[in-house]
Amino acid sequence: MQLIHTISELREALRQYRHPAVVPTMGNLHAGHLALVRQAKPLGDVTISTIFVNRLQFAPHEDFDTYPRTLEADCEHLEAAGCDIVFAPAEAELYPQAQTFKVHPPTELADILEGHFRPGFFIGVCTVVMKLLAVTQARTALFGKKDYQQLMVIRNMVKQFALPIEVIGGETQRNDAGLALSSRNGYLTPAQREEALLLSRTLRHIAEAVRHGETDLARLEQEGMHALRAAGWLPDYVAVRRQSDLHAPQPHDAKVVLAAARLGTTRLIDNLEI
Ligand code: PAF
């Protein structure tokens with residue numbers, strides 16, 4: 001496995017390949033990322049993982065400075081998972097000057113749910129993903145479904161810009177108790193890791209109710225918010241939406257239930273397709 005830090009070195013390494021399959025990450029990798037790398041392996045002739053903590057997608061009060069940087073351990077895991085190239089640029093390499101050209105996703109997709117509570121987040125994500133797809137010459141790109149809205153925004157970006165890239169979603173990986181794997185779980189204390197199970201439990205409860213024919217989605221959402229608040233969480237949203245565009249569903253639409261909530265100082269997100 002090659003560890004590459006510069007765009008010119010990456011271009012040189014990629015000359016011999018026709019179909020890079022790429023897994024963009026911010027590092028501090030867990031089994032969810034590694035599952036994406038394994039999924040990517042048969043889909044291209046070279047498997048690349050990018051590791052870059054993207055300042056553009058963090059608000060000033062968020063955890064950009066404290067986000068764990070664990071390159072050495074990440075590389076060991078990636079090599080074991082069959083990754084061929086790790087592209088880990090320094091900030092000055094990817095953003096050698098202020099990134100004044102940005103990708104602005106449409107408000108109806110990107111200013112709801114996560115985008116409502118993290119204004120500008122998807123501008124930062126789209127801008128860096130566009131750049132990472134360009135420098136890695138991706139033909140296939142994989143993103144986890146845990147970031148459901150992110151996957152949808154990126155899919156739409158790739159489609160509208162007619163990029164010759166297939167975007168693939170990887171299933172959310174969970175621990176045995178049901179907690180969705182996330183780099184931010186590392187911020188939780190052992191007691192909070194137990195408490196964190198309430199998020200997936202709340203989503204499962206709502207998904208079951210909808211599967212059993214409950215149609216009062218607003219009531220289910222409010223009950224979910226209430227259950228989280230009652231346990232001391234600060235929920236941003238619990239929402240049942242249609243899978244295709246994350247807007248309010250009609251009765252026969254395929255649905256997904258999504259939630260974001262703060263447990264102590266850690267903000268967790270999760271979702272379940274119904
Ligand atoms: O999901 C992430 O880790 C990031 O948002 C991504 C897609 C790597 C862009 O920085």
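Residues numbered from 1 in each chain as written. Predicted model: local features only at pLDDT ≥ 70, side-chain atom pairs only at ≥ 80, totals over all residues. Heavy atoms only, no water.

## Focus: helix α2 (residues 31–40)
Turning to step 1, where the next piece is worked out: Every buried residue belonging to α2 is among G32, H33, L34, L36, V37 and A40, and all of these are buried.
Turning to step 2, where the next piece is worked out: Contact partners of the buried residues in α2: β2 (20–25), β3 (46–51), α3 (71–81), β5 (140–144) and β6 (166–170). (Buried < 20%, exposed > 50% of the residue type's maximum accessible area, 1.4 Å probe, protein only. Helix = DSSP H or I, 4+ residues; strand = E, 2+ residues; numbered from the N terminus. Contact = heavy atoms within 4.5 Å.)

## A look at the environment of E91
Turning to step 1, where the next piece is worked out: Structurally, the position occupied by E91 is in helix α4 (residues 91–94).
Turning to step 2, where the next piece is worked out: For E91, a relative accessible area of 30% puts it in the partly exposed group.
Turning to step 3, where the next piece is worked out: As a C-alpha pair, E91 and N54 span 37 residues in sequence and 8.0 Å in three-dimensional space.
Turning to step 4, where the next piece is worked out: Once residues lying within four places of it in the same chain are set aside, the contact partners of E91 are F52, R55, F64 and P96.
Turning to step 5, where the next piece is worked out: In this structure the side chain of E91 is engaged in a polar contact, spanning 2.6 Å, whose partner is the side chain of R55. (Polar contact = N/O pair within 3.5 Å; in protein donor to acceptor, adjacent residues only side chain to side chain.)

## Side note on the site of the ligand
Turning to step 1, where the next piece is worked out: Neighbouring the ligand are the residues P24, T25, M26, N54, Q57, V128, V129, F143 and Q150.
Turning to step 2, where the next piece is worked out: Contacts to the ligand include Q57, whose side-chain N or O atom sits 2.7 Å from an oxygen atom.
Turning to step 3, where the next piece is worked out: Interatomic distance of 2.7 Å between a side-chain N/O atom of Q150 and an oxygen atom of the ligand.
Turning to step 4, where the next piece is worked out: Relative to its unbound accessible surface of 290 Å², the ligand loses 90% to contact with the protein.
Turning to step 5, where the next piece is worked out: Only β2 and α7 (121–136) provide two or more residues apiece to the shell around the ligand. (Near = heavy atom within 4 Å. Areas by Shrake-Rupley, 256 points an atom, 1.4 Å probe, with all protein chains shown as cover.)

## A few points about the side chain of S182
Turning to step 1, where the next piece is worked out: Among the structural elements, S182 can be located in the loop between β6 and α9 (190–195).
Turning to step 2, where the next piece is worked out: In this view, S182 contacts H30 and K146; residues no more than four positions away in its chain are not counted.

## Describing the packing of aromatic side chains
Turning to step 1, where the next piece is worked out: Inspection of every chain in the model, using the stated rule, returns 5 aromatic pairs.
Turning to step 2, where the next piece is worked out: Pairing F121 with F122 gives two aromatic rings, centres 4.8 Å apart and planes at 65°, and the pair type is edge-to-face.
Turning to step 3, where the next piece is worked out: F121 gets classed as buried once you look at its relative accessible area, which sits at 8%.
Turning to step 4, where the next piece is worked out: A cation over a ring is seen here: R69 above F64, with NZ or CZ 4.8 Å from the ring centre.
Turning to step 5, where the next piece is worked out: Over the ring of F121 we find R118, and its NZ or CZ is 4.2 Å from the ring centre. (Phe/Tyr/Trp six-rings, centres within 6.5 Å; stacked < 30°, edge-to-face > 60°. Lys NZ or Arg CZ within 6 Å of the ring centre and 35° of its normal.)

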